[in-house]
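# Structural features, examined
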Amino acid sequence: MMGPISALGRWVRESVTNAGFATRTFLALLATTPGLLRRPRLVTDQVHFIGNYSLVIIGVSGLFVGFVLGLQGYYTLNRYGSEEALGLLVALSLTRELGPVVTALLFAGRAGTSLTAEIGLMKAGEQLAAMEMMAVNPLQRVVAPRFWAGVIAMPLLAAIFSAVGVVGGYIVGVLMIGVDEGAFWSQMQAGVDVWKDIANGVIKSVVFGFAVTFTALFQGYEAQPTPEGVARATTRTVVIASLTVLWLDFLLTALMFD
Amino acid sequence: MPNLVDISDLHFSYGARPILAGLEMEFPRGKVVAVMGGSGSGKTTILRLIGGQITAQKGTVRFDGRIVNARDSALMYDMRRKMGMLFQHGALFTDLTVFENVAFPLREHTRLPEELIRDLVLLKLHAVGLRNAAHLKPAEISGGMARRVALARAIALDPQLIMYDEPFAGLDPISMGVAANLIRRLNDALGSTSIVVSHDVHETFLIADYVYFLSQGRIVAHGTPQQMRASEDPYVKQFVHAEADGPVPFHYPGRALADDLMRGVPQ
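From a predicted model like this one, the values you see are computed outputs, not experimental measurements.

### Here we look at the overall build of chain A
What chain A contains, in helices and strands, is nine helices and zero strands. Going from N to C terminus, chain A has its helices and strands arranged as α-α-α-α-α-α-α-α-α. Taking all 258 residues of chain A together, the buried fraction comes to 41%. In chain A, 87% of the contacts between residues at least 6 apart in sequence involve partners at least 24 apart.

### Topic: the sheet that holds strand S1 (residues 5-14) of chain B
Residue and element names in this part refer to chain B. One open sheet holds the four strands; their spatial order is S2-S1-S4-S5, and the pairing between them is antiparallel. For this open sheet the edge positions go to strand S2 (17-27) and strand S5 (66-67), each flanked by a neighbour on one side alone. Of the pairings in the sheet, the one linking S1 to strand S4 (residues 58-63) comprises five bridges and is antiparallel in character. Bridge pairing in S4 places Ser8 opposite Thr60. Of the strands in this sheet, S1, S2 and S4 touch helix H1 (residues 43-50), which is tilted by about 115° from S1.

### Quick word on helix H6 (residues 138-177) of chain A
Residue and element names in this part refer to chain A. In a regular helix each residue adds 1.5 Å, so 40 residues correspond to 58 Å; H6 covers 54 Å between its end C-alpha atoms and thus fits that length. Along H6, the helix axis deviates most sharply at Ala144, where the bend reaches about 35°; the proline Pro145 sits within four residues downstream. Just past H6, the residue Gly178 takes up positive phi, approximately 100°.

### Observations regarding the interface of chain B and chain A
Each partner contributes residues to the interface: chain B has 15 residues there, and chain A has ten residues. Residue assignment for the side of chain B that touches chain A shows that the elements contributing at least two residues are helix H2 (73-80), strand S6 (83-86) and helix H3 (98-109) of chain B. The biggest single contributor to the side of chain B that touches chain A is H3 of chain B, with three residues. By residue class, the composition of the side of chain B that touches chain A is seven nonpolar, five polar and three charged.

### Considering the packing of helix H8 (residues 194-221) of chain A against helix H9 (residues 227-256) of chain A
Residues and elements named next belong to chain A. Closest axis-to-axis distance for the H8/H9 pair is 9 Å, and the angle between their directions is 155°. As judged from the angle between their axes, H8 and H9 are roughly antiparallel. Here H8 and H9 pass one another in a crossing that is right-handed. Of the residues in H9, those in contact with Asn200, Lys204, Val207, Phe208, Ala211, Val212, Thr215, Ala216, Gln219 and Gly220 of H8 are Ala233, Arg236, Thr237, Ile240, Ala241, Thr244, Val245, Leu248, Asp249, Leu252 and Met256.

### Points about the pairing of S4 of chain B
Summarising the sheet, S4 of chain B and S5 of chain B pair through two bridges and their orientation is antiparallel. Each bridged residue has a counterpart across the sheet, and for Arg62 of chain B the counterpart in S5 of chain B is Ile67 of chain B.

### Overview of the sheet that holds strand S9 (residues 210-215) of chain B
Residue and element names in this part refer to chain B. Taking strand neighbours across the sheet as the criterion, the six strands line up as S6-S7-S8-S3-S9-S10 in an open arrangement whose pairing is mixed. At either end of the open sheet lies a strand with only one pairing partner, and these are S6 and strand S10 (218-223). The average undirected angle you get between the axes of adjacent strands in this sheet is 15°. In terms of strand pairing, S9 meets S10 through five bridges, oriented antiparallel. In the sheet register, Tyr212 faces S10, and the bridge partner there is His222. Each of S6 and strand S7 (161-165) touches helix H5 (residues 143-154); the most contacted strand, S6, lies at about 170° to it.

### Regarding the packing of helix H4 (residues 86-124) of chain A against helix H7 (residues 181-191) of chain A
All names here are of chain A. Running from amino to carboxyl end, H4 crosses H7 at an angle of 50°, the nearest separation of the two axes being 6 Å. The pairing of H4 with H7 is recorded here as oblique in orientation. The element H4 and its partner H7 pack so that their crossing is right-handed. Mapping the contact onto sequence places Leu86, Gly87, Leu88 and Ala91 in H4 and Phe184, Trp185, Gln187, Met188 and Gly191 in H7. In terms of residue class, the contact of H4 with H7 is built from six nonpolar, three polar and no charged.

### Let's talk about the environment of Glu26 of chain B
Residue and element names in this part refer to chain B. On the secondary structure map, Glu26 appears in strand S2. A residue is classified by how many C-beta atoms lie within 10 Å of it, and Glu26, with 16 of them, is partly exposed. Other than its neighbours up to four places away in sequence, Glu26 contacts Asn3 and Asp6.

Rules of the game
- Residues numbered from 1 in each chain as written.
- Chains lettered and ligands numbered in written order.
- Predicted model: local features only at pLDDT ≥ 70, side-chain atom pairs only at ≥ 80, totals over all residues.
- Helix = DSSP H or I, 4+ residues; strand = E, 2+ residues; numbered from the N terminus.
- Buried ≥ 20, exposed ≤ 12 C-beta atoms within 10 Å, placed from the backbone.
- Contact = placed C-beta atoms within 7 Å.
- Pairing = 2+ DSSP bridges.
- Axes fitted to C-alpha atoms, helices over the stretch in contact; angles between N-to-C directions.
- Expected span 1.5 Å × (residues − 1).
- Bend = angle between axes of the 7 residues up to and from the residue.
- Nonpolar A, V, L, I, M, F, W, Y, C, P; charged D, E, K, R; others polar.
- Parallel < 35°, antiparallel > 145°, perpendicular 65-115°, else oblique.
- Left-handed = near helix turned anticlockwise from the far one by under 90°.

If you want it as C-alpha cells, here you go:
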C-alpha cells in the first residue's frame, strides 16, 4: 500500500522541485538579456542558424499540408456547393491553427533536438564549465542568444509555413481541381482579419517559440553529462515540447475564442 | 608576500559520501605546487573548490586575500578573471577554430581592437608552439595539441593562478615532456602561481616546487619532490615507486573471494 503512495509523493515532490528549478533558470535567463542588447550579433547569428535548420522542413511540410487542405477542403465544401470558399478555408486553417502548431512541432523535432544535443554535449565536454572558469556566464553567452533566436525564428517560420501552405492549397484547388481563381483569392482577402486571425496566430507562435526553445535549452543545460544523458534529454525535448505546444494551443485558442 | 591560495580546515562531501576532510594547504606565489594522489582521492575537487564551482560544507578557501564563495556569482566572476584553468581534456569550444578559442576570453573581457587581439592570440599560440595551427578546428588536432591550445586560452588574460587538471593524462612521452616544460616555463615567465593536479610522478616531480599527497580526502604527506622521493611514508612509497599493493589495496573492498565462490548462483 505504501509503495504507490510513496511513489506518488516522490513524483509530486520531484515535479515541484523541477518546476521551481526551471522557473529559476528561466528568470536567470531573462536577467541576462539586457547584456545581450549590447551584442545583438550573438542573437542574429543564432537566428540565422536556427532558421536555416528548419527552413526546408517547414517549407516542404507547409506545401504538403496546403495540398491536403486543398483536397479535403474541396471535398467538404463541394457538398454544400461553396467550393469558392476554399481559399478562405485554407487561409484560416493555416493562419489560426496549423501554421503555428505544426511549425512548433516541427521546430521541436528539428531545431529543438539539435539545441538540446548541442548544449548537452557542450556540458559533457566541460565547455560550459570552462566558460564559467573564464568568468563568462554560459547562460548569457550560450543559452540566452539561442533562446531569443528561437523566439524570433518561430513566428517567421510559421509565417513561411502558412504562406507556402496557401500556395499549396492554390495549386491543388485552383490549378488541379479547377476552383475559380478569382473567388479563391477574393474570399480569402475578404474573410481573413488581420487582428483576429493573423495576429492571434502570430501571438500563438511567439508563445510556442518561448515554450519550445526554453524546453530544448533547459533539457540540454540540465542533461546528465553522458552519452545516454544527452540522448534522454533529446527525447524529453520532443515529448515535453510537443505536449506543451498542444495544451498551450488549446488554452490560447480558448482564450482567443470570443 | 602572503600566499596566493590558502585552504584551511576544508571539508567537502557529495551527499553522505565524504570527499575531503580537514584539508590544510598553502600555495605560495610564484611556485608550482603539485597535488598528487590516486584516482578518486579528491584532487580535482580541490580545484573546483578553489574556482568556486562547488561549495564546501566547512572551512575556507582564500584566493588573493578574499574568501571564495561559490554562491556569490559576482565575486566569483571577478576572482575567475585572475584564474586560468586547464581542464583534463582541454574543453575547447568545438565549433570555434584554435585561434577563436584563444581569442574567446580576450573578446569577452576586453575591448581591444581586433588587430591587437590577433597579435596577442598569435603570441600565446607561439608560446605553446601552435601558431601555425591557428586555423584548425579542435577536431583536426591531437589530444596533446588540444591541451596546449587550452593552455594558451587559459593564459590569455595573464592570470595570477593557473590550475592544471591532470595535464599529463593520456599523453605520449614527448607531449608529456612538452607539457611539463611549458607549465614550468609559463609559470616563471608570467610570474604566476600554478597548481598541478596529477598522478604522474616523474613529470610532476621534475617541475614542482612542492608536493601534497592526498589519499581518501586527507593530506597524508607533503614536502619538496626530493623529500617525497626519500619519504618512508608507506602511501608515498607505494605511489612514488608504483607498487601494486600497499596501503592502497589492489582489490575493491568487500567480501572475500572464498565467500563469493561459496555463495553459488543467486536464485
